[in-house]
Amino acid sequence: MDDDALLAEQMAYYRAGAAEYDRPYAKYEDLQRLLAVVDDLPIVGDVLELACGTGQWTPLLAARARSVTAVDAAAEVLALARARTASPTVQFLEADLFAWQPPRRYDTVFFAFWLSHVPPTRLPDLWNTVAAALAPGGKAIFIDDGPAAAAYEEVLANQPAPASLRRLDDGSQYRIVKVFHDTQTLTDDLTGLGWSVRIRTMAGNFIGIAEPPTTPG
Ligand SMILES: C[S@@+](CC[C@H](N)C(=O)[O-])C[C@H]1O[C@@H](n2cnc3c(N)ncnc32)[C@H](O)[C@@H]1O
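Residues numbered from 1 in each chain as written. Predicted model: local features only at pLDDT ≥ 70, side-chain atom pairs only at ≥ 80, totals over all residues. Heavy atoms only, no water.

Going by what an unreviewed UniProt entry lists, the protein is known as Class I SAM-dependent methyltransferase and is assigned to Streptomyces sp. NBC_00119.

See the structure below:
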């Protein structure tokens, strides 16, 4: 697809920047407060975590779940996530989420700061994959940046998908996909796909809980 090179660059950014990734979590109280939200979310049973990164969320999910399967495409961030989350109930998988299909169903599918990295043209596939991954009665829970976060990004024009420029300590630069979802539009889009969804905001971030369309039995 047109956005293949952009997605490869996004991947390269997270691989090369793994060691720098956790800094904002240590620095910003808003992010620490956001992590604490996990305790108020309906995280139950067997959990699938998409794009787990360095595992900031994984141990918090594991504390509430029967099991966590955490997927990311970058071996470098997965190594940090494994070191952070030594639990027999957590399994890490290295896979490209634009190609991977979940092999089973889960009670909860959780993704933090992944939705904004998915090109809009690929969102219907993402939501179909998430719906197919959910067991009956299961919920998708997603957390991400709202429109206000655009002020802190170098937004790029004329890209195959909404994109921003990110820099690493060594001066290298990478384009990433970055979509600042407006919660009303996201709610309308998901509702149009047959999902039931509630999205709330918290200090520039949003937290969504959604149930997929029920398939006729
Ligand atoms: C913004 S980070 C989010 C990490 C973690 N969920 C968090 O909230 O801290 C985005 C993650 O997406 C991963 N990623 C990027 N492209 C991917 C792909 N095609 N398949 C799977 N993971 C991917 C990156 O490696 C990175 O860990």
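1. Structural notes on the side chain of Asn-205
One can find Asn-205 in strand S10 (residues 205-211). For Asn-205, a relative accessible area of 7% puts it in the buried group. Among residues more than four places away in sequence, those in contact with Asn-205 are Leu-34, Phe-113, Asp-144, Asp-145, Gly-146 and Arg-200. (Helix = DSSP H or I, 4+ residues; strand = E, 2+ residues; numbered from the N terminus. Buried < 20%, exposed > 50% of the residue type's maximum accessible area, 1.4 Å probe, protein only. Contact = heavy atoms within 4.5 Å.)

2. Considerations on the packing of aromatic side chains
Applying the stated criterion to the full structure yields eleven aromatic pairs. Seen from their ring centres, Tyr-21 and Tyr-25 are 6.1 Å apart, and the 45 degrees between their planes marks the pair as tilted. Ring pairing ties together the aromatic residues Tyr-13, Tyr-14, Tyr-21, Tyr-25 and Tyr-174, which thus form one cluster. Positioned above the aromatic ring of Tyr-106 is the side chain of Arg-104, whose terminal nitrogen or guanidinium carbon lies 4.6 Å from the ring centre. The side chain of Arg-122 reaches across the aromatic face of Phe-98, ending 5.0 Å from its centre. (Phe/Tyr/Trp six-rings, centres within 6.5 Å; stacked < 30°, edge-to-face > 60°. Lys NZ or Arg CZ within 6 Å of the ring centre and 35° of its normal.)

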